[in-house]
Every structure is written in C-alpha cells, then in structure tokens.
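For reference, the chains in residue letters:
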Amino acid sequence: MNELSFDCDERLHGIGLCDLHCDTLLEMAQHQADFYDNSLHLGFDRVHAFSYFLQVMAIWSNTRLSDDDCYAQFLSATAYMKERLCAHPEITQCRCGEDVKRVKAQNGKGFILAVEGGNLLSEDVSRLDEIYARGVRFFTLVWGGESRMGGAHDVGGGLSPFGVKALKRMFALGIVPDVSHASKEIFYQTAAYADDAGKPFVATHSNSAAVWNHTRCLTDEQFRMIRDSGGIVGVSFCTPHLGDTAKEITIGTVVDHIEHYLSLGGEKTVCFGGDLDGIGSMPTPMTGVESLPLYYEEMAKRGFGDDLIYNIFCGNAQTFFEKNL
Ligand SMILES: [Zn+2]
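Residues numbered from 1 in each chain as written. Predicted model: local features only at pLDDT ≥ 70, side-chain atom pairs only at ≥ 80, totals over all residues. Heavy atoms only, no water.

Draft legend 1. Structural detail: helix α8 (residues 220–228). Every buried residue of α8 is listed here: Q222, F223 and I226. One face of α8 carries all of its buried residues, which in axial projection span an arc of 100°. Buried residues belonging to α8 abut α7 (184–197), β7 (233–235) and α9 (251–263). The positive-phi residue at the C-terminal boundary of α8 is G230, with phi of around 90°. (Buried < 20%, exposed > 50% of the residue type's maximum accessible area, 1.4 Å probe, protein only. Helix = DSSP H or I, 4+ residues; strand = E, 2+ residues; numbered from the N terminus. Arc of directions from axis to C-beta. Contact = heavy atoms within 4.5 Å.)

This is the structure we're talking about:
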C-alpha cells in the first residue's frame, strides 16, 4: 500500500461508498469468478477504505441475445449471485430500506440488484413480478438501439405500448425506473409517468451534457427534473461520456461533471454510478474500485466541505435507498 492510499484510508474513516451502477455481477457469473480476489474492476476485498459499502449491481440484457436468452442469463446470474454472493456471511442483499440501514449500522457490505435493458421481459409484464421477487429494485429501461420497451439514446423514439405497461407495473411493484441510456422521448415520458405515480426516477450512470455533449449525458433540464422527482443521479467513469478521449481523461474530469451538477442545485442528488466492469477504460490514474479514495483527494482539493463529500460518496444514495426501497 502506498503512502497516498494510507493517508486516504485515515481520512476517509466514517465515509461509506454507495455506487449506483456496475456490471460486475454478470462478468462474475460468466467467468465463474469470485467476488473477492478477482482481476475485475470491482472486488469486495478492495473497499476497505470505506466504513461500509453498498453497490447497485445490474444484470445487462445483451441486445445481441434473444429476449428469452436474456431472461435465461438473468436467471442464471441471480442463481450464481445466490450461491456465491448471498452465501457470504459478510454480504447482504438489500431489498428494502431496513436492509440498507442495517448494512450502514454494521459497517457492512451489501448490494442491490438491478436490470439494465428491458429485452428480458419479452413483452411479458409478469416477468417483472418474478424479477422483483428476486430482489431487483432498479430497472434501466433501455440500453441501445430499438427494443420492445422503446428507443435508446442512440436511435431516439418513445416508449412502446408495452414499455408504458411495464413502466406502470414497475411503479406499482416498487422498482425504480432508470433513464440512463434512454432517448429524450423516453426520458420525458418517464418523468411524466413518475409524476402521475408520485414516485421518483433516477439516472444511475449518466454524466453532464453541459460538460461533454454526448447522447448518453443529461441536459441541465433533465438533471433538474430527476432532482425534483426526488431521484438521484450517478456520475460514471465511462471515458467517452466524460470528455474528448483524444486527450487525457482524469479523475478531475469526473469531478468537473460533479461540480456542474452541484452548480444546478444537485448537492442532495449527485452520487457515484461508476459503471465498473461495464467500461473499456477508466480515468487516469484509476485501476478499479480501490481508486475511489482518490476522488476524496480531488474534492477536498477543490474545497468541497466534509458534509458534501460524505453525501456524494454515500449520503445521497443511502437516503434515497432508505426512503424508496
Ligand atoms: Zn449502462
């Protein structure tokens, strides 16, 4: 351990890490890898700098697979999760606010299950009841291209009639819809249905379009609408969504996105949603989840107060989980 990370460990005492999105679970299941001691971006043995750890773990519906194969992959990934992750005495699968409170109180480690991309539903809304029963609490409506749910950010287009039906069922069940990857049309439809339902919606891994204009990023208006619904927004480490990759993307670039969200009144909204194990490259000098303490350094250097840093690392997400799961 080098001197810098030692200093961070000391000063981070008392700060937890809550992250809104990673693809680690599917990677693990596909490679039969361990949740500790692995070579992926995220291992549960590499978060010791933080007082507690809560990770939203998504299972992606690969658009190259058939709908039923996506569903089969979801079922096998959750079986692997149950066998290897839930069986670990140190790790809690959080299904409700009480679970996340307990993880925090016990300085423990926990995860919340999510789905990324709606193809696995295959126009069968009852599958939502099954995935809810398995613990899914966040649902990224679309991922890329056209799907049965509707169009993603890269193609545009609103929710399909099935997409509307599924969205309404999510609100009824208590699954939080996630507009990361959504088209503009789906974003505004989700905002309207959330308003009707009196429920929040979120963007688990979306950066600021004002800092770097990419179709995966949120406009200032979109950010404010999520905030006003009571939702949260996770900033990701996906370099093409952060800036010009012909130049160096650093931890400072990520904090530029965070600072912009803060300038919009986002101090209770902005979180991390790193997209670890879902991204090809990370900002310099990150190597994985063990690099998160470097963000503390950068934020402290920019004069962020202790409470603000705490809220970005864990407080905002924790409050949301306690209130809405
Ligand atoms: Zn994603």
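Draft legend 2. Quick look at the coordination of the zinc ion. The zinc ion binds to the protein through E116 (OE), H181 (NE2) and H205 (NE2), with metal-donor distances spanning 2.0 to 2.2 Å. Spacing between the donor residues of the zinc ion along their common chain follows E-x64-H-x23-H. You can see H181 sitting in the loop between β6 (176–178) and α7 and its partner H205 sitting in the loop between α7 and α8, a full 24 residues away along the chain. Per residue, the accessibility class of H181 equals that of H205, and both read buried. (Donors = N, O, S within 2.8 Å, 3.2 Å for Na, K, Ca; no water.)

Draft legend 3. Examining the pairing of strand β4 (residues 109–116) more closely. Within β4, 8 of the 8 residues are buried, leaving the element largely enclosed by the surrounding structure. Across 8 bridges, the pairing between strand β2 (residues 53–60) and β4 is parallel. Bridge pairing links V56 to I112 in β4. Examined bridge by bridge, strand β3 (residues 91–93) and β4 share 3 bridges and lie parallel to one another. If you follow Q93 over to β4, its bridge partner there is F111. Handedness of the crossover joining β3 and β4 through helix α4 (residues 97–105) is recorded here as right-handed. Note: β4 against strand β5 (residues 136–140), 4 bridges, orientation parallel. Looking at the pairing, A114 lines up with F138 of β5. After leaving β4, the chain enters helix α5 (residues 126–133) and then returns to the sheet as β5, a path that is right-handed. (Pairing = 2+ DSSP bridges. Right-handed = clockwise from strand over helix to strand, strands pointing away.)

Draft legend 4. Examining the packing of helix α6 (residues 161–173) against α7 more closely. Where α6 meets α7, the axes come as close as 11 Å, and the angle between the chain directions of the two elements is 40°. Classified by the angle their axes make, α6 and α7 are oblique. In the crossing of α6 with α7, the sense of the turn from one axis to the other is right-handed. Residues V164, L167, K168 and F171 of α6 form the contact with α7, whose own contacting residues are T190, Y193, A194 and A197. Tallied by class, residues from the contact of α6 with α7 come to 6 nonpolar, 1 polar and 1 charged. (Axes fitted to C-alpha atoms, helices over the stretch in contact; angles between N-to-C directions. Parallel < 35°, antiparallel > 145°, perpendicular 65-115°, else oblique. Left-handed = near helix turned anticlockwise from the far one by under 90°. Nonpolar A, V, L, I, M, F, W, Y, C, P; charged D, E, K, R; others polar.)

Draft legend 5. Up close: the side chain of T140. Along the chain, T140 falls in strand β5. Within the structure, the side chain of T140 is placed 2.7 Å from the side chain of D178, a separation counted as a polar contact. What T140 contacts, discounting residues up to four positions off in sequence, is V115, E116, G117, G118, D178, S180, H181 and T204. (Polar contact = N/O pair within 3.5 Å; in protein donor to acceptor, adjacent residues only side chain to side chain.)

Draft legend 6. Spatial organisation of the packing of α5 against α6. Between α5 and α6, the least distance of the axes is 10 Å, while the angle of their chain directions is 35°. α5 and α6 meet at a crossing whose hand is right-handed. Between α5 and α6, the residues in contact are L128, D129 and Y132 and A166, R169, M170 and L173, respectively. Along the lines of polarity and charge, the residues of the contact of α5 with α6 split into 5 nonpolar, no polar and 2 charged.

Draft legend 7. Spotlight on helix α3 (residues 67–86). An ideal rise of 1.5 Å per residue puts 28 Å on 20 residues; α3 measures up with 26 Å between its terminal C-alpha atoms. Where α3 is concerned, the buried positions are D67, C70, Y71, Q73, F74, A77, T78, Y80, M81 and L85. Packing partners of the buried residues in α3 comprise α2 (24–31), β2, β3, β4, α5 and β5. (Expected span 1.5 Å × (residues − 1).)

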